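Okay, here's what each chain looks like letter by letter:
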Amino acid sequence: MGFLHTLLLMTAMLPIHGTVLGSASNGTVIIRNDPVTATVPALTRAYNVEPKLPLKPGVGIDGFLDRSTTPWRWYDAAIAAKFTPGLPDPGKVNSLDFGSHVPQTRLVDQNGKLVDLASSFPGKVQLISFVFTRCPDKDECPLVSAKFGELQRQLDPAKFHLVLVSLDPVYDSPAILKRYGKQFGANPASWSLVTGQPAQIQHLLNRFGISSMRVSDANFIHNDKVFLIDQRGAIADVVDTLGWSPNSMVAEARHTAGLVSSPLGRFQLSLIASVVALCGGSQYSGVVLLETVLFLLIAAASFVTLSWVARKLWKNA
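The paragraphs below set out a description of the structure included in this document. (Residues numbered from 1 in each chain as written. Predicted model: local features only at pLDDT ≥ 70, side-chain atom pairs only at ≥ 80, totals over all residues. Heavy atoms only, no water.)

1. Some remarks on the sheet that holds strand β4 (residues 60-66)
- One closed barrel accounts for five strands, arranged β1-β2-β3-β5-β4; its pairing is mixed. When the angles between neighbouring strand axes are averaged without regard to direction, this sheet yields 55 degrees.
- Strand direction decides the pairing type here: strand β2 (residues 29-33) and strand β3 (residues 43-49), joined by five bridges, are antiparallel. Paired with I31 across the bridge in β3 is R45. (Pairing = 2+ DSSP bridges. Helix = DSSP H or I, 4+ residues; strand = E, 2+ residues; numbered from the N terminus. Axes fitted to C-alpha atoms, helices over the stretch in contact; angles between N-to-C directions.)

2. Comments concerning the side chain of T28
- For T28, the position within the fold is in the loop between β1 (14-23) and β2.
- Under the relative-accessibility criterion, T28 is labelled buried at 4%.
- Engagement of the side chain of T28 in a polar contact is seen with the side chain of N26, the distance being 2.7 Å.
- Residues contacting T28, with those up to four places away along its chain left out, are S23, A46, Y47, N48 and P71. (Buried < 20%, exposed > 50% of the residue type's maximum accessible area, 1.4 Å probe, protein only. Polar contact = N/O pair within 3.5 Å; in protein donor to acceptor, adjacent residues only side chain to side chain. Contact = heavy atoms within 4.5 Å.)

3. A word on the state of the cysteines
- The full count for this structure, using the stated rule, is zero disulfides.
- C141 supplies the cysteine sulfur nearest to C135, a cysteine that is in no disulfide, at a spacing of 3.6 Å.
- A relative accessible area of 13% means that C135 is categorised as buried. (Disulfide = S-S within 2.5 Å.)

Given below as structure tokens:
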């Protein structure tokens, strides 16, 4: 088991950043790589770089580290772009909307397996959201992850796949995502926790309209969305709140898949989203208001029923 575990680690792809120091006569590139959290320390060594790039000393480079070759390979390499969380910039990208197809984006999951949201889960309905593992607020990312854990238990992995995308690609290595996913029972066969090169993650956040504001090295403020992607890879629905219940989301996911689903569950999800929108995007205020309205409706119905019963009893007395 120890040997197999080591072998899997060595064959896993790792998003990595480094600085070019020079080149060697055999065509390899000398790179000083930054550490990959809980996986690879900072190193200076010769790498094969694919594709070949015009690399000068001092240039930053991003890529996926492949440790199964000798020398190690820097795969899908690109000139590094700084990861700067912030508001989506519609001037740079075309935002995704209902009916839009998810973009081709090379990511890597908690096992170091390359993943493309556009092609890795053919014929399945995907549920995609965004979290980061160091989130300090138990009512934010941990709550979303716990709900995804419940979705995993209720949805058939042959027809559905769950995806959580990291908002913190600099820290959230595959090893960190795997450790985080274990807290919620994540099974890679049905639930992928993915990260990637910082520039790719930033592009993805812009496309999906995810605001992510860094407030410290280990904390981000971000909006909460769940995207339901149909079997063709197109966006079928967007839930703009984390106030949803797993049962209501299961109902909507089954409807997206063309399966029998609960009309009440879908109505609840739609009603919560509508109330949240009415409250200006405040999910907590929206859920509280919805619960208050439902309580008042139930109370009113109970009062009417009791009044009717009382009149009947009084009339027959």
